[in-house]
Amino acid sequence: MLTWEEFERTEMRVGTILEANDFPEARKPAYQLTIDFGTEIGIRKSSAQITKRYTKQELVGKQIVAVVNFPKKQIGKFMSECLVLGAVGQEGDVILLSPDFKVENGLRIG
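Quick caveat, the model's predicted, so the values are computed rather than measured. (Residues numbered from 1 in each chain as written. Predicted model: local features only at pLDDT ≥ 70, side-chain atom pairs only at ≥ 80, totals over all residues. Heavy atoms only, no water.)

Asker: I'm lost on the nonpolar core in this one. Help?
Answerer: Side chains of a nonpolar character, in soluble globular proteins, are inclined to be buried together. One finds Leu33, Ile35, Phe37, Ile50, Leu59 and Ile64 to be the most contacted residues of the largest nonpolar core, which totals 18 residues. Every element with two or more residues in this core is listed here: β1 (12-22), β2 (31-36), β4 (63-67) and β9 (94-96). Among the elements that make up this core, the one with the highest residue count is β2 (three residues). Those residues in contact with Ile35 that lie beyond four places of it in its chain are Gly15, Thr16, Ile17, Leu18, Gly42, Ile43, Arg44, Ser46, Ile64, Cys82 and Val84. (Core = buried A, V, L, I, M, F, W, Y, C linked by side-chain atoms within 4.5 Å. Buried < 20%, exposed > 50% of the residue type's maximum accessible area, 1.4 Å probe, protein only. Helix = DSSP H or I, 4+ residues; strand = E, 2+ residues; numbered from the N terminus. Contact = heavy atoms within 4.5 Å.)

Asker: Hey, could you run me through the sheet that holds β4 in this one?
Answerer: Each strand in a sheet pairs with its neighbour through backbone hydrogen bonds, running either in the same direction (parallel) or in the opposite one (antiparallel). Spatially, β3-β2-β1-β4-β7 is the arrangement adopted by the five strands of the open sheet, whose pairing is antiparallel. In the strand order of this sheet, the two ends are held by β3 (43-48) and β7 (83-84), each with one partner. Bridging between β2 and β3 involves six bridges; their strand directions are antiparallel. Residue pairing for β3: Ile35 is matched across the bridge by Arg44. (Pairing = 2+ DSSP bridges.)

Asker: I tried to follow the pattern of salt bridges on my own but got confused; where do I start?
Answerer: Opposite charge on two side chains permits pairing when their charged atoms draw close. Here the structure, examined in full by the defined rule, presents four salt bridges. With a closest N to O distance of 2.7 Å, Glu11 and Arg13 form a salt bridge. Assessed through its relative accessible area of 8%, Arg13 is described here as buried. With its nearest N and O atoms 3.1 Å apart, the salt bridge here joins Asp22 to Lys56. Here Asp22, found in strand β1, pairs with Lys56, found in helix α3 (residues 56-59); they are 34 residues apart in sequence, far enough to count as distant. One network of salt bridges, in which partners are shared, links Glu11, Arg13 and Glu40. (Salt bridge = Lys/Arg side-chain N within 4 Å of Asp/Glu carboxyl O.)

What follows is the structure in structure tokens.
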């Protein structure tokens, strides 16, 4: 069980995907994402295994929710700087978490 203080330290923020590129070096099919989290946090990169449900074209401009205060993670030659959140189905397909309405980049999820 997490304590409330531990949960509060997790920074989940809204960001807008600026770029989505193939990640052919990944072990499982994935995209390399560039995400804008607003002026306070800035631009971050992430690798996401979301190729079953999303095309690169439909990801650009989409707002998502990600954890921005985990340590960076090296994935092959790519450095992932945040963790994009989604619901994971039984077949491993991921449905991204996103706000219902367009909001300011960087807003904290609470």
